[in-house]
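Here is what each chain is made of, one letter per residue.
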Amino acid sequence: MFAAAAVALLVTLSLALVRAFRGPTVFDRALAANTIGTVAVLLLAVIGFLTGRPDFLDLALVYGLLNVVGTIAVLKFFHVGDLGEPGDEEGVK
Amino acid sequence: MIVLDIASWALILLGAAFCVTGAVGLLRMPDFFTRMHAASVVDTLGAAFILLGLMLQSGFSLVTVKLIAIGVLLFFTSPVATHALARAALARGVEPLLAQGEPSSKT
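(A) A look at the overall build of chain B. From N to C terminus, chain B includes 3 helices and 0 strands. The helix and strand sequence of chain B, counted from the amino end, reads α-α-α. Expected size for 107 residues packed as a compact globule is a radius of gyration near 13 Å; at 18 Å, chain B overshoots this value by more than 25%. Across the 107 residues in chain B, those meeting the buried criterion constitute 36%. Look at the contacts in chain B between residues 6 or more apart in sequence, and 60% of them connect residues 24 or more apart.

Here you go:
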């Protein structure tokens, strides 16, 4: 049953990967990358149960944290144009 | 505990089905904002059902606490990421695909 869930999550991941390759704008690619990150967190949790090693949940937690930080950083870059200067109080419009 | 097993398998399969549905929507929706709408299914329903099913499978232990932590993390960060994505796309001039004057049957 965990294997079925893992296969479904892999299908989800490959469909999101197709969107990341085809996406017309860069935001489509960022959206697909965000979805891939979420699915990878779930896949790590399911694989931890599938192999009987729940230590994988720590990796899933870390991957979720990294995913949101990366997504917000990339989106701030494409929104503002840079990542802000040191001491720049009005970097965000 | 056959009842708990059946319940957790049902939840995991439901979550996997929601994930595949969201990915198909991500691939086939016509417009960036509708694609974002479809992708949020994976973040909310798919993740919640799969994590709930895994929680039922693990019982009361540290594993359940970690699963709850992952669930809370996804619950709070995915709306933030989606909001930032929509705001950045609007600010950079991605136009939503709106309905024109007369309703057309063309897909």
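(B) The arrangement of the packing of helix α2 (residues 26–50) of chain A against helix α2 (residues 32–58) of chain B in detail. Between α2(A) and α2(B), the least distance of the axes is 10 Å, while the angle of their chain directions is 10 degrees. Between α2(A) and α2(B), the interaxial angle falls into the category roughly parallel. Where α2(A) abuts α2(B), its residues A:Phe27, A:Asp28, A:Leu31, A:Thr35, A:Thr38, A:Val39, A:Leu42, A:Ala45, A:Val46 and A:Phe49 lie against B:Phe32, B:Arg35, B:Met36, B:Ala39, B:Val42, B:Asp43, B:Ala47, B:Ile50, B:Leu54 and B:Gln57. Residues belonging to the contact of α2(A) with α2(B) are distributed by class as follows: 14 nonpolar, 3 polar and 3 charged.

(C) Representation of the interface of chain A and chain B. Contact residues are listed per partner, giving 39 residues for chain A and 39 residues for chain B. Going through the elements one at a time, α1 (2–22), α2 and α3 (56–80) of chain A are the ones with two or more residues in the side of chain A that touches chain B. Ranked by residue count, the leading element in the side of chain A that touches chain B is α2(A), at 14 residues. For the side of chain A that touches chain B, a count of residues per class yields 28 nonpolar, 8 polar and 3 charged.

Cut-offs and rules
Residues numbered from 1 in each chain as written. Chains lettered and ligands numbered in written order. Predicted model: local features only at pLDDT ≥ 70, side-chain atom pairs only at ≥ 80, totals over all residues. Helix = DSSP H or I, 4+ residues; strand = E, 2+ residues; numbered from the N terminus. Rg over C-alpha atoms; globule rule 2.2 N^0.38 Å. Buried ≥ 20, exposed ≤ 12 C-beta atoms within 10 Å, placed from the backbone. Contact = placed C-beta atoms within 7 Å. Axes fitted to C-alpha atoms, helices over the stretch in contact; angles between N-to-C directions. Parallel < 35°, antiparallel > 145°, perpendicular 65-115°, else oblique. Nonpolar A, V, L, I, M, F, W, Y, C, P; charged D, E, K, R; others polar.

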